[in-house]
Amino acid sequence: MASVVIVGAQWGDEGKGKVVDLYTEFADIVVRYSGGSNAGHTLVVDGQKLVTHLVPSGVVRAGKKCVLGDGMVIEPEVLLKEIRELKGKGLLQSDADLLVSARAHVILPYHKEIDALREEGKGALGTTKRGIGPAYEAKAGRRGIRAGDLLREGRLRELLTRNLEELNPYVERLGGTAFALEPLLAEALAAGAELKRYLADTSRYLYRAHKSGRDILFEGAQGTLLDVDHGTYPYVTSASTVAAGACSGSGLGPTTIDAVIGICKAYTTRVGGGPFPTELKGAMDARLRRTGEEFGATTGRPRRTGWLDVAALRYAVRVNGLSGLAMTKLDVLRGVSPIKVCVGYRVGGKPQDEIPLDPEDIVQAEPIYEDLEGFAEEIQSKREFDDLPAGARRFVRRVEALAETPIYLISVGPSRSETIVLRNPFRG
Ligand code: IMP
């Protein structure tokens, strides 16, 4: 029996969907614990591509329980649409396989509108405009609306009235149109009626499942450097994306977690605004974006690309307590030589071995690179580490040594089968 947390070790889009899908084979339950439909987890199974935004990627394997935990912010319409689409594809055959926390907060149209209007203004952060920030603001401000509230008309009316009184003038100040109560209320109640069958006390469910020996996989969203406490603030999302968030966002305590795996690409990408010390410009940037198909799964935005930043990885190892790393997209680096790896920075002339998070330090941080010889051979067909070309093996081992963390898995292509497994966190 094991509980394993998967987190992004960079700025999101590390390929968590594929790794979660692989590990789901060993889990009974897959849990999302933070964020919402800002995430887009891509899976390729039998040549078919599937992107999930809210339902955990575990849904593609029949009979696995999928949980949307307390720490999430859920847009009811998006969830209902996703459920319909999954069912249309023959997935999620039983409603009993999906449990949505009644304590998860909901994203309502005014949250999305505020997010979008802010992005048109001066303080734009490059958000996904899914209403994530405003929904978490309401939660922290203790005026949020939770999934369970959608079933109680009186309470919902009261909450919506209070929120609209407070937010409508703000919406208008931002250049938007005030929201009317009745249509919002009607829509929210209708969504609640449809969602009712999935709502549960998921914390209690997980506790019992853990006690009875079930294997649990926690599917992190976004990445360590987008964490609201530990990321490149203020260019972050509004949730706890690190491993600790798996506990606070699911209601299962830290002593239940056996392993934490950080997913990292063999290079780095970032979507949206914010500092990115190893960012590439020009031909190499274009090459990585093209070969790695680096376009957002949720927004379609082109991702910024850069060299692998091991100094940032070391930070991810530290704040997540990583047991190991899973490296994705190694195949994308085929033909790139030398492969540069950032091993530290110079900030104001002083060397530093971890990513500086102060907004002024990080923009002037000069990466210190180590050049590694690349590899020219194709690696997509390789299934054993020893069959990889020498350049690829050296790169993986060097990253492992610099990050002081073992690599559990290497992904050499988008499909489930295109993977080299070195260790399995569910098997110790
Ligand atoms: P928000 O989460 O929509 O508020 O966006 C805040 C920041 O997080 C922006 O830079 C987004 O591009 C980034 N972000 C949010 N979700 C993801 C994701 O799933 N992958 C990568 N970046 C994300």
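Keep in mind it's a predicted model, so treat the numbers as computed, not measured.

1. Notes on the packing of aromatic side chains
The relative placement of two aromatic rings is captured by the distance of their centres and the angle of their planes. In total, this model carries five aromatic pairs according to the counting rule given. Judged by centre distance (6.5 Å) and plane angle (65 degrees), the rings of Tyr-33 and Phe-218 are edge-to-face. Residue Tyr-33 is located in the loop between strand S2 (29–32) and strand S3 (41–45), and its partner Phe-218 is located in strand S10 (residues 216–219); the two are separated by 185 residues in the primary sequence. Here Tyr-33 and Phe-218 have matching classes, each one buried.

2. Side note on helix H5 (residues 153–173)
Between its first and last C-alpha atoms H5 spans 29 Å; for 21 residues at 1.5 Å apiece the expected length is 30 Å, and the two agree. Of all the bends in H5, the greatest reaches close to 35 degrees and is centred on Leu-167; the proline Pro-169 follows between one and four positions later. Taken together, the buried positions of H5 are occupied by Leu-156, Leu-159, Leu-160, Asn-163, Leu-164, Leu-167, Asn-168 and Val-171. Buried residues belonging to H5 abut helix H3 (109–120) and helix H6 (181–195).

3. What about the pairing of S3?
Most of S3 sits out of view: four of its five residues are buried. By the bridge criterion, five bridges tie S3 to strand S4 (residues 48–52) in an arrangement that is antiparallel. Bridge pairing in S4 links Val-45 to Gln-48.

4. With respect to the site of the ligand
Taken together, 15 residues are adjacent to the ligand, and Asn-38, Thr-128, Thr-237, Val-271 and Arg-301 come closest. One of the side-chain N or O atoms of Asp-13 is found 3.0 Å from a nitrogen atom in the ligand. The protein chains hide 96% of the 460 Å² of surface that the ligand would expose on its own. The residue makeup of the shell around the ligand, split by class, is six nonpolar, seven polar and two charged.

5. Details of the pattern of salt bridges
Taken as a whole and assessed by the stated rule, the structure comprises 27 salt bridges. Notably, a salt bridge pairs Arg-197 with Asp-95, separated by 3.2 Å at the nearest N-O pair. With Arg-197 in the loop between H6 and strand S9 (199–200) and Asp-95 in the loop between helix H2 (76–88) and strand S7 (98–101), this pair connects stretches of sequence that are 102 residues apart. Under the relative-accessibility criterion, Asp-95 is labelled partly exposed at 24%. Here Glu-279 ties to Lys-281 by a salt bridge, and the two come within 3.4 Å at their closest N and O atoms. We classify Glu-279 as partly exposed; its relative accessible area is 24%. Its relative accessible area of 63% is what places Lys-281 among the exposed residues. Overlapping salt bridges bring together Asp-13, Lys-265, Glu-294, Arg-303 and Lys-329 as one network.

6. Describing the layout of surface pockets
Empty space within the second largest pocket amounts to approximately 220 Å³. Around the second largest pocket sit Leu-43, Val-45, Asp-46, Gln-48, Lys-49, Leu-50, Val-60, Lys-89, Leu-91 and Arg-416, which together line it. Here the residues of the lining of the second largest pocket are counted per class, giving five nonpolar, one polar and four charged.

7. Looking at unusual backbone geometry
The peptide bond linking Tyr-233 to Pro-234 adopts the cis configuration, its omega dihedral lying at 5 degrees. The topology assignment puts Pro-234 in the loop between S10 and helix H8 (244–248). In this structure, Lys-129 is a non-glycine residue whose phi angle is positive, near 60 degrees. Relative to the assigned elements, Lys-129 resides in the loop between H3 and helix H4 (132–140). Within the chain, Gln-222 stands out as a residue other than glycine whose phi angle is a positive 55 degrees. With respect to the helices and strands, the residue Gln-222 is situated in the loop between S10 and H8. When its relative accessible area of 9% is taken as the criterion, Gln-222 is described as buried.

8. Notes on the domain arrangement of the protein chain
Taken domain by domain, the protein chain consists of domain 1 (3–101 + 198–259), domain 2 (105–195) and domain 3 (265–427). Just the C-alpha atoms count here: the centres of domain 1 and domain 3 sit 23 Å apart. The partner domain 3 presents 43 residues to the 41 residues of domain 1 that form the contact. Overall, the association of domain 1 and domain 3 removes approximately 3300 Å² of surface from exposure, summing both partners, and the carbon and sulfur fraction of that is 61%. Its largest share of buried area at the contact with domain 3, domain 1 owes to Trp-11, Asp-13 and Lys-18, together 21% of the area lost on that side. Put simply, domain 1 and domain 3 have two salt bridges between them. Of the charged contacts, one joins Arg-416 and Asp-21 as a salt bridge, the two residues approaching to 2.8 Å between their closest N and O atoms. Listing elements by their share of the side of domain 1 that touches domain 3, those giving two or more residues are strand S1 (3–8), helix H1 (16–24), S3 and S10. For the side of domain 1 that touches domain 3, the element with the most residues is H1, which contributes five residues. The residue inventory of the side of domain 1 that touches domain 3, partitioned by class, reads 23 nonpolar, 12 polar and six charged.

9. Side note on the environment of Ile-261
Its location among the elements puts Ile-261 in strand S11 (residues 259–265). The exposure class of Ile-261 is buried, given its relative accessible area of 0%. Distance in space between the C-alpha atoms of Ile-261 and Ile-407 is 9.1 Å, their sequence separation being 146 residues.

What counts as what
- Residues numbered from 1 in each chain as written.
- Predicted model: local features only at pLDDT ≥ 70, side-chain atom pairs only at ≥ 80, totals over all residues.
- Heavy atoms only, no water.
- Phe/Tyr/Trp six-rings, centres within 6.5 Å; stacked < 30°, edge-to-face > 60°.
- Helix = DSSP H or I, 4+ residues; strand = E, 2+ residues; numbered from the N terminus.
- Buried < 20%, exposed > 50% of the residue type's maximum accessible area, 1.4 Å probe, protein only.
- Expected span 1.5 Å × (residues − 1).
- Bend = angle between axes of the 7 residues up to and from the residue.
- Contact = heavy atoms within 4.5 Å.
- Pairing = 2+ DSSP bridges.
- Near = heavy atom within 4 Å.
- Polar contact = N/O pair within 3.5 Å; in protein donor to acceptor, adjacent residues only side chain to side chain.
- Areas by Shrake-Rupley, 256 points an atom, 1.4 Å probe, with all protein chains shown as cover.
- Nonpolar A, V, L, I, M, F, W, Y, C, P; charged D, E, K, R; others polar.
- Salt bridge = Lys/Arg side-chain N within 4 Å of Asp/Glu carboxyl O.
- 1 Å grid on protein atoms, 1.4 Å probe; cavity = no way out; pocket = protein on both sides within 12 Å on 5 of 7 lines; lining within 4 Å.
- Points joined across faces, edges and corners; volume = space filled by probe spheres on them.
- Domains from an automatic or database assignment.
- Buried area = accessible area lost by both parts, 1.4 Å probe.

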